[in-house]
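# Breakdown of the fold
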Amino acid sequence: MGYALAGAVRHEGHEALLISGPTSLDVPEGVDFVSVTTAQQMYEAVRDMVGGVDVAILCAAVADYRPVSFSEQKIKKDAERMELSLERTPDILGSMRQEFGFGGILVGFAAETQNLLAGARGKLEAKGCDMVVANDVSQPGVGFDASMNEVWLVRKEGEEKLERDTKYHIALRIVQESLSLVTR
Ligand code: C5P
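Here we summarise the structure given alongside this text.

Cut-offs used in this document
- Residues numbered from 1 in each chain as written.
- Predicted model: local features only at pLDDT ≥ 70, side-chain atom pairs only at ≥ 80, totals over all residues.
- Heavy atoms only, no water.
- Pairing = 2+ DSSP bridges.
- Helix = DSSP H or I, 4+ residues; strand = E, 2+ residues; numbered from the N terminus.
- Axes fitted to C-alpha atoms, helices over the stretch in contact; angles between N-to-C directions.
- Contact = heavy atoms within 4.5 Å.
- Salt bridge = Lys/Arg side-chain N within 4 Å of Asp/Glu carboxyl O.
- Buried < 20%, exposed > 50% of the residue type's maximum accessible area, 1.4 Å probe, protein only.
- Right-handed = clockwise from strand over helix to strand, strands pointing away.
- Polar contact = N/O pair within 3.5 Å; in protein donor to acceptor, adjacent residues only side chain to side chain.
- Near = heavy atom within 4 Å.
- Areas by Shrake-Rupley, 256 points an atom, 1.4 Å probe, with all protein chains shown as cover.
- Nonpolar A, V, L, I, M, F, W, Y, C, P; charged D, E, K, R; others polar.

With respect to topology, five strands assemble into an open sheet ordered β3-β6-β7-β8-β9, the strand pairing being mixed. Because the sheet does not close on itself, it has two edges, and the strands there are β3 (55-58) and β9 (158-166). Strand after strand, the sheet turns through a mean of 20° between neighbouring axes, direction not considered. Here four bridges tie β3 to strand β6 (residues 105-112), and the two strands are oriented parallel to one another. Paired with A56 across the two strands is L106, which belongs to β6. Packed onto the sheet, helix α5 (residues 167-182) meets β3, β6, β7 (131-136), β8 (148-155) and β9 and runs at close to 150° relative to β9.

Put into structure tokens, the structure is as follows:
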């Protein structure tokens with residue numbers, strides 16, 4: 001979705017910066033690109049670059065937890081059971097307003113399997129977003145690992161459904177709506 005959004009931003013005639021974890025996708029033409037591997041690296045890249053940005057759309061499905069420790073070497077299977085200890089990763093979207101001091105238009109994503117609109121509205125308020133794109137990821141054929149998507153655009157004033165379409169068309173609508181918030 002991030003790649004489709006970056007392409008759509010270029011299509012609308014604006015500069016685009018894409019910060020992405022590993023994928024097999026081609027970076028759309030004319031898009032500035034920063035490659036990251038971990039949630040921590042993405043947090044730092046966003047923090048360092050957000051100063052020059054008017055509209056930030058945060059759509060990455062960032063891992064919410066990471067292992068507390070990791071091994072440089074192969075872990076031998078000595079024990080019958082193994083507990084994995086996890087800790088929270090930094091909440092990038094939740095850091096944008098207070099920690100990073102971002103004053104531009106902020107668009108977040110909410111991937112939910114239940115209570116889609118309530119979850120999105122909670123995120124809108126808690127994270128100081130101007131818009132949240134709500135994605136029901138329990139539906140087959142849309143969202144993660146699919147070329148199609150179907151989303152709701154949730155704003156303070158109300159919500160609007162974007163019917164099932166290619167990720168590129170959905171991205172174009174999201175970008176157009178986000179840009180329209182700049183001039184409101
Ligand atoms: O996973 P969830 O639906 O809660 O994510 C909502 C939003 O938070 C998305 O915009 C996602 O990019 C962002 N996020 C983040 N930092 C994380 C996890 C998610 O900014 N560690």
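Our next topic: the pattern of salt bridges. Taken as a whole, this structure holds 14 salt bridges when the rule is applied. Across the pair K123 and E112 runs a salt bridge whose closest N-O atoms are separated by 3.3 Å. Pair noted here: K123 is in helix α4 (residues 116-126) and E112 is in strand β6, with a separation of eleven residues, a long-range link. On the basis of relative accessibility, which here comes to 16%, the residue E112 falls in the buried class. For E157, the salt bridge identified is with R155, shortest N-O distance 3.6 Å. Here E157 falls in the exposed class, since its relative accessible area comes to 60%. Taken together, the shared-partner salt bridges connect R155, E157, E160, R173 and E177 into one network.

Our focus in this paragraph is the pairing of β7. The buried fraction of β7 amounts to six of the six residues, a majority that puts the element mostly inside the structure. Residues M131, V133 and N135 of β7 are buried on one face, and the alternating residues V132, A134 and D136, pointing to the opposite face, are buried as well. Where β6 and β7 come together, six bridges link them in parallel fashion. Note on β7: the bridge partner recorded for E112 is D136. A crossover connection joins β6 to the parallel β7 through α4; in handedness this β-α-β unit is right-handed. Pairing of β7 with β8, which is carried by four bridges, proceeds in the antiparallel orientation. Of the residues in β8, the one forming a bridge with V133 is L153.

As a further point, take the side chain of N135. Residue position: N135 is located in strand β7. At 2.7 Å, the side chain of N135 and the side chain of N149 are in polar contact. Setting aside residues no more than four positions away along its own chain, N135 makes contact with A110, A111, E112, L116, G143, N149, E150 and V151.

All right, on to the site of the ligand then. By nearness alone, 16 residues border the ligand, and L58, A60, P90, L93 and F109 come closest of all. Here an oxygen atom of the ligand sits 2.6 Å away from a polar atom, N or O, in the main chain of L58. Taking T89, its side chain carries an N or O atom lying 3.3 Å from a nitrogen atom of the ligand. Its free accessible area being 460 Å², the ligand has 86% of it covered by the protein chains. Counting only elements with at least two residues in the shell around the ligand, the list comes to α3 (92-95) and β6. Of all the elements, β6 adds the most residues to the shell around the ligand, at four residues. Looking at the shell around the ligand residue by residue, the class counts come to eleven nonpolar, two polar and three charged.

For the rest of this paragraph, the subject is the environment of I57. Turning to its location among the elements, I57 is positioned in strand β3. We classify I57 as partly exposed; its relative accessible area is 22%. Separated by 76 residues in the primary sequence, I57 and V133 have C-alpha atoms spaced 9.6 Å apart. In contact with I57, not counting residues within four places along its chain, are L5, V107, F109, V175 and S178.

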